[in-house]
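A structural walkthrough
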Amino acid sequence: MIANTRRRFSRSMRLSLFIAAVIGIATVLFARHQVETERQNDLEDVARRAHALGQQLGAPARRALDQPDAAARELLRPQLEGYRRLLGYAVFRADGRLLAAGKAVAEFAEKLEAPVRAAAAGAKEQILVLRAAGMPVHLLALPLPEAADHPKGVLVVAHDVSYIDERAIGRLVQYGVWIVIVTLLAIMLVAGTTWFSYERPLKRLADWMRRLRVEGAPEAPPGLPSALLHGETDRLAASFRAARSTGRTLSQQVLHSEQVWSSERLRAHAVAALDGGHQLVVASNREPYMHQFRNGRPQAIVPAGGLVTALDPVLQACGGLWVAHGVGDADRETADAAGRLTVPQDDARYTLKRVWLTREEEQGYYYGFSNEGLWPLCHLAHERPVFRAADWEHYQRANRRFADAVLAEIGSGKALVLVQDYHLALLPRLLKEARPDLSVGLFWHIPWPNPDAFRICPWAADVLNGMLGADLIGFHLQQYCNNFLDTVDRTLESRVDWSHFTVDLRGHASSVRPFPISVQPWSERKVPHGDALAGQIADLRTQHKITGQYLAVGVDRLDYTKGLAERFRAIDRFLENNPQQRERFSFVELGAPSRTHLRRYRDYIAEIEALTDEINWKYQTDKWRPIHFLEAHHDAKTVHAFLSMARMCIVSSLHDGMNLVAKEYVAAQTGGDGVLVLSEFAGAARELADALIVNPYDIDRFAEAIRHGVEMNETERRARMARMTRQVDENNVYRWAANFLTELTAAKTRTGETPSTARFEIAQ
Ligand code: F6P
């Protein structure tokens, strides 16, 4: 859409420039002609004046020519000097000899020789302009007597005509200014006319059609040339509504006929949940598509992280609006003036609205309060949380910005807002204060610590108060829900109902529930399968010189909670204890640098790089390296290829809300084989009991689990993977979203009643 807008813009610009160029060139030619004509008129004026002066001096000059030279000069002297533009006169004998000249003319007398001879020889007056004494000089050479065939002499009248050129330049400047004004007016007129009569209506029409498709916008946009469209927009909207209604009926059938949750089934479910024209709005710090300049062109990048992995397929299925912080260096160029664009770029499914934050706000809100404060606070990963008053200020301000953006986008419409994660803890309260009628859900993608740990936060009560604006608060695990309720119980004057898992704060009830997040099936994503995948795998092996026959993989944001050092030390111990695996076992780490603006994260990357070098140095041979640390942002195709080819995936988080890499790995094992080594401190361990569960701090047992996995027989591998595959397939991200929507729509009306029975139970 943006590319089209650009194309239309440049087309209209080209048209304006073309018309302006035509007008410009015509005006320039006209101006030139005009200036030249006026110049000639001025010269003719001078010629006329010279003639009159020549006539005046003609009689005395003729008399003087009849005298000998000395007497002639005496006769002429008092009459030869000029005044102002008239430089003066000169009188020549017929043979070209100068008889007498005024002072100014005498200075360039030698230049008069040629015209004088021509006048004498042809007995015909000569008029010319030449440069003499540093100025343009107009000369009239008049034979004397005038009518005679053989004149006795020639009278020259000389004028300084530099003023004519100056006047011409002045006129040219004047014309130039006019040309610029006329050209600019022409550009404005053409561009304005094109914009009002062509581009704006078309843009509105395109925007309306997009909203009709993505959001189901009802009314035709204002300002369309309705006479031209003959009510076609109304008919199109009516057909679309009819098609939607048929789709809804069909969807209902899909909803009740399918076992496994699919995007279709979620769409049908969302249509029902959003009944009555509610808009679905997601608000998160991280945007699902960010644009970065690569070789001078904006390129869409899908950021690493569980939130985007999970929420993008949901919005692709349901449509709606996603409000997020715009951080890409090409984000502004790829959005409209309000920060909006439709995504994915090649197949618009929903609207992304970018919120712009200042550097200071980003520093305080995202890096500071969120990632140096709440992140370590909730992860209990031996990283001391840092809380600064200035960061808290920015955090509050940024949350307010998100609230303003969401409220502006919703307008007076009904909406169901899904707030995501710890960056936006205050947003539910801000939304509800402005619009108590909104349905607001908050999903917390990271763990919730015990009350004693959370008390460290100096603004614990404010954070909880902000969160409790939501009608529904979701965590990955029941344990986090319990911790949360416990924290609220000990921090706020509220009523915690442990039997229904609700909190009543000043008359508003919030339900607190576990929703273990999950992934989208790989078959739905644009990644190679079959032969194309096999080719890609072969290429990647060659490209990265991966020679080990047994490949294990890890995929992580480079974050100190992911336990990379523990993982690498376990691999070191495994190779130490199992020398037969050297040159056979290769480990590839796809590490996406993250939050590198923070020193702790840069130090962590340096630590992992050093550890990789140390272990590789210890074991590597000419043709084999144990660890390939591929430090970069890897796209979905590359991640999928590595997950598919790896016989083992290792997830060793020290503390992790869920960890979707574990589920992505299971989902990628279409061959039904493969071993998952999974930290007991990742939420995913509660659902994937068939993984080899490890304590990443226990390096010996961790190494032993790797050995167990490498040597596990095929029957056991397949049996374990089959159970995990069923678990991930049945509890995919569509089911997660459906459950959340169901609970959210029920939560608003439930206050104090028994929980909704419409929940789609997690398959065991
Ligand atoms: O899972 C927690 C989380 O903060 C998510 O919100 C996000 O997807 C991921 O980590 C990545 O973090 P960031 O958005 O800071 O890159």
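See the structure printed just above.
A brief structural summary. (Residues numbered from 1 in each chain as written. Predicted model: local features only at pLDDT ≥ 70, side-chain atom pairs only at ≥ 80, totals over all residues. Heavy atoms only, no water.)

Turning next to the pattern of salt bridges. Side chains that carry opposite charge are capable of pairing whenever their charged atoms lie near each other. Taken as a whole and judged by the stated rule, the model has 49 salt bridges. Between Asp45 and Arg48 there is a salt bridge whose closest N-O contact spans 2.6 Å. Of this pair, Asp45 and Arg48 both sit in helix H1 (residues 2–65), 3 residues apart, roughly one helical turn. Asp45 sits in the partly exposed class, given a relative accessible area of 37%. On the basis of relative accessibility, which here comes to 54%, the residue Arg48 falls in the exposed class. With its nearest N and O atoms 3.4 Å apart, the salt bridge here joins Lys618 to Glu576. (Salt bridge = Lys/Arg side-chain N within 4 Å of Asp/Glu carboxyl O. Helix = DSSP H or I, 4+ residues; strand = E, 2+ residues; numbered from the N terminus. Buried < 20%, exposed > 50% of the residue type's maximum accessible area, 1.4 Å probe, protein only.)

With that settled, the discussion passes to the site of the ligand. With respect to spatial proximity, 13 residues lie near the ligand, and among them Arg286, Leu307, Tyr366, Asp421 and Arg595 are the closest. One of the side-chain N or O atoms of Tyr422 is found 3.2 Å from an oxygen atom in the ligand. About the coverage of the ligand: the protein hides 92% of its 370 Å² of free accessible area. Of all the secondary-structure elements, those providing two or more residues to the shell around the ligand are helix H9 (306–318) and helix H11 (359–379). Looking at the shell around the ligand, its residues break down into 5 nonpolar, 4 polar and 4 charged. (Near = heavy atom within 4 Å. Polar contact = N/O pair within 3.5 Å; in protein donor to acceptor, adjacent residues only side chain to side chain. Areas by Shrake-Rupley, 256 points an atom, 1.4 Å probe, with all protein chains shown as cover. Nonpolar A, V, L, I, M, F, W, Y, C, P; charged D, E, K, R; others polar.)

A word on the nonpolar core. Within the largest apolar cluster, 98 residues are counted, with the highest numbers of intra-cluster contacts made by Leu431, Trp444, Met467, Phe475, Phe484, Phe585 and Ile706. Among the elements that line this core, the one with the most residues is helix H12 (residues 389–410), at 9 residues. Apart from residues no more than four positions distant in its own chain, Phe585 is found in contact with Tyr550, Ala552, Ile571, Phe574, Leu575, Trp624, Pro626, Ile706 and Val710. In this structure, Ala270, Leu533, Val553 and Leu630 belong to the second largest nonpolar core, which totals 76 residues. (Core = buried A, V, L, I, M, F, W, Y, C linked by side-chain atoms within 4.5 Å. Contact = heavy atoms within 4.5 Å.)

Overall, the coordinates contain 28 aromatic pairs when judged by the stated rule. On the numbers, 5.9 Å between centres and 70° between planes, the contact of Trp448 with Phe475 is edge-to-face. Taken together, the positions of Trp448 in the loop between strand S13 (439–443) and helix H14 (451–454) and Phe475 in strand S14 (residues 472–475) put the pair 27 residues apart, joining distant regions of the chain. A residue is classified by how much of its surface remains accessible, and Phe475, at 0% relative accessible area, is buried. Each ring, one from Phe475 and one from Phe484, has its centre 5.3 Å from the other, and the planes form 45°; the classification is tilted. Side by side, Phe475 and Phe484 carry an identical accessibility label, which is buried. (Phe/Tyr/Trp six-rings, centres within 6.5 Å; stacked < 30°, edge-to-face > 60°.)

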